[in-house]
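# Observations on the three-dimensional arrangement
For reference, the chains in residue letters:
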Amino acid sequence: MDKFNYEANGYNRKEVNQFVTDVIKETEQIIKKYQEQKKEISFLKEKLEHYENLENTLKQSLINAERTADNVKRLAREEADSIINDAKHNASRIVGESLLKARKIENEADTLERNTKIFKRKLKIIVEQQLAVVDEIETLDLKES
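Residues numbered from 1 in each chain as written. Predicted model: local features only at pLDDT ≥ 70, side-chain atom pairs only at ≥ 80, totals over all residues. Heavy atoms only, no water.

### Brief notes about the overall build of the protein
A tally of regular secondary structure across the protein gives one helix and two strands. In sequence order, the protein lays out its α and β elements as β-β-α. The C-alpha radius of gyration computed for the protein amounts to 60 Å, which surpasses the reference 15 Å derived for 145 residues by more than 25%, pointing to a less compact arrangement than a globule. With the C-alpha coordinates of the protein rotated into their principal frame, the extents come out at 200 × 20 × 15 Å. Across the 145 residues that make up the protein, the buried fraction comes to 1%. Carbon and sulfur atoms form 57% of the exposed surface of the protein, whose accessible area is close to 14000 Å². If you average the places of the 27 positive and of the 29 negative side-chain charges in the protein, the two averages end up 4 Å apart. (Helix = DSSP H or I, 4+ residues; strand = E, 2+ residues; numbered from the N terminus. Rg over C-alpha atoms; globule rule 2.2 N^0.38 Å. Buried < 20%, exposed > 50% of the residue type's maximum accessible area, 1.4 Å probe, protein only. Areas by Shrake-Rupley, 256 points an atom, 1.4 Å probe, with all protein chains shown as cover. Lys, Arg positive; Asp, Glu negative; His and termini not counted. Charge placed at Lys NZ, Arg CZ, Asp CG, Glu CD.)

### Focus: a nonpolar patch on the surface
A surface patch of nonpolar side chains, about 380 Å² in accessible area, is lined by Phe119, Leu123, Val127 and Leu131. Following the sequence through the fold, Leu123 ends up in helix α1 (residues 13-144). On the basis of relative accessible area, Leu123 is assigned to the partly exposed category, the value being 41%. (Patch = residues over 30% accessible without salt bridge, like charges linked within 9 Å, V, L, I, M, F, W, Y side chains within 5 Å. Salt bridge = Lys/Arg side-chain N within 4 Å of Asp/Glu carboxyl O.)

### Points about the pattern of salt bridges
The final tally for this structure, using the stated rule, is four salt bridges. Across the salt bridge formed by Lys59 and Glu55, the nearest N and O atoms sit 3.7 Å from each other. Taken as a pair, Lys59 and Glu55 lie in helix α1 at a separation of four residues, close to a single helical turn. On the basis of relative accessibility, which here comes to 46%, the residue Lys59 falls in the partly exposed class. Judged by relative accessible area, which is 40%, Glu55 ranks as partly exposed.

### A few points about the environment of Thr116
In this fold, Thr116 is placed in helix α1. Here the side chain of Thr116 touches Leu112 through a polar contact of 2.6 Å, landing on its backbone oxygen. (Polar contact = N/O pair within 3.5 Å; in protein donor to acceptor, adjacent residues only side chain to side chain.)

### Re the confidence of the model for the protein
With 91% of its residues at a pLDDT of at least 70, the protein reaches an overall mean of 91. The secondary-structure element of the protein with the lowest mean pLDDT is strand β1 (residues 6-7), recorded at 67, while α1 shows the highest, at 93. (pLDDT = per-residue confidence, 0-100.)

Now the structure itself:
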């Protein structure tokens, strides 16, 4: 702290006034610096709040993206399972229909084979009968001559 010189009526007025002026200037500078720092703190708080909001928004976006990805995966799995089940069902149906067609064709082949055997027997009987007629004709021709 400054020391003042004494004069007849107390301290040196000029020194005291200078001291008071200096204190006022320093106080004003301190107040000014305080206000600037207060503004800067306020600005930084706003900026921090903005970044915190941005961070929260990004976090929420990531959470939503993860949920969406999970839903897409789940739906894809469900669709794949559905396609596989449909394919299995269609394959079973196709195999069943093919087996029925194969049985039908096999039955038709058996029927054709039986009919062929019957036809052969009847044809053989007819041929034998015709041969008997031919033999009979020869026998008749010989007796008449």
